[in-house]
Amino acid sequence: MAADEPSFRDLVFSDYARYRPGGRQSWLHVLLRIPSVPGLLASLVLRSQQCLFRAGHVTAAHSLRTLGNVLVGADFGAGMQVGRGFMLAHPVGVTIGFGLVIGDDVTFAGGVTCAARHYDAVPGREQEFATIGDGVLIGANAVLVGGVTIGRGAMVGANSVVLSDVPENAVVMGSPARRVGTREDAR
């Protein structure tokens with residue numbers, strides 16, 4: 001693990017702080033919250049997968065994909081990079097690809113899908129996944145397609161289909177997603 005990469009503990013506690021702001025950070029408190037906060041359970045699976053993959057335990061990381069599906073109905077492809085303070089408000093139906101990059105303090109609602117642009121692998125054509133900036137909110141059942149960039153502090157409305165980049169602090173909605181406003185309270 002590189003010196004600038006947060007540990008498993010740091011990542012889990014940063015996620016826990018999003019669910020319980022100001023709450024006491026300890027493993028006991030995390031474990032006591034898991035039965036009543038499915039997003040925190042999903043976070044544990046995702047963070048385990050993320051840290052195993054980062055440490056070179058790729059097979060073990062891929063194995064946790066099934067565990068996420070069974071326990072919380074979320075599909076996490078191994079190899080994504082997720083920053084601190086990730087919140088899965090309702091993890092059921094969330095699907096994120098292996099190449100996704102997510103910044104700090106990002107929130108996903110239920111059913112969010114971050115997918116590659118092409119469903120089938122074609123030799124010479126690399127799959128592209130989204131890059132999501134810090135402080136972004138992604139609404140329920142939104143779909144991010146391909147290598148789009150969601151700018152810092154942006155919000156993607158529920159049921160939106162994002163096919164192109166979203167500027168910082170923008171609010172986008174629709175299919176395809178179009179800018180409808182600006183987030184004044186963004187980070």
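Before any of the text, the structure's been laid out above.
In what follows, the accompanying structure is described. (Residues numbered from 1 in each chain as written. Predicted model: local features only at pLDDT ≥ 70, side-chain atom pairs only at ≥ 80, totals over all residues. Heavy atoms only, no water.)

## A short note on the sheet that holds strand β10 (residues 143–145)
Taken together, 5 strands build an open sheet; the order of strands is β1-β4-β7-β10-β13 and the sheet is parallel. Each having just a single partner strand, β1 (75–76) and β13 (161–162) make up the two edges of the open sheet. Bridge analysis of β1 against strand β4 (residues 95–96) gives 2 bridges, and the strand direction is parallel. Directly across from D75, in β4, lies its bridge partner T95. (Pairing = 2+ DSSP bridges. Helix = DSSP H or I, 4+ residues; strand = E, 2+ residues; numbered from the N terminus.)

## A closer look at the environment of A61
Note that A61 resides in helix α4 (residues 58–72). Counting along the chain gives 15 residues from A61 to L46, while the straight-line C-alpha distance between them is 9.1 Å. When near neighbours in sequence (up to four residues on either side) are disregarded, A61 contacts Q49, L52, F53 and A78. (Contact = heavy atoms within 4.5 Å.)

## Things to note about the layout of surface pockets
Each pocket or cavity is described by its volume, and for the second largest pocket that value is around 180 Å³. Around the second largest pocket, the lining residues are Q50, F53, R54, G79, M80, Q81, V82, G83, I102, G103, D104 and D134. Contributions of two or more residues to the lining of the second largest pocket are made by α3 (38–54) and β2 (81–82). Ranked by residue count, the leading element in the lining of the second largest pocket is α3, at 3 residues. (1 Å grid on protein atoms, 1.4 Å probe; cavity = no way out; pocket = protein on both sides within 12 Å on 5 of 7 lines; lining within 4 Å. Points joined across faces, edges and corners; volume = space filled by probe spheres on them.)

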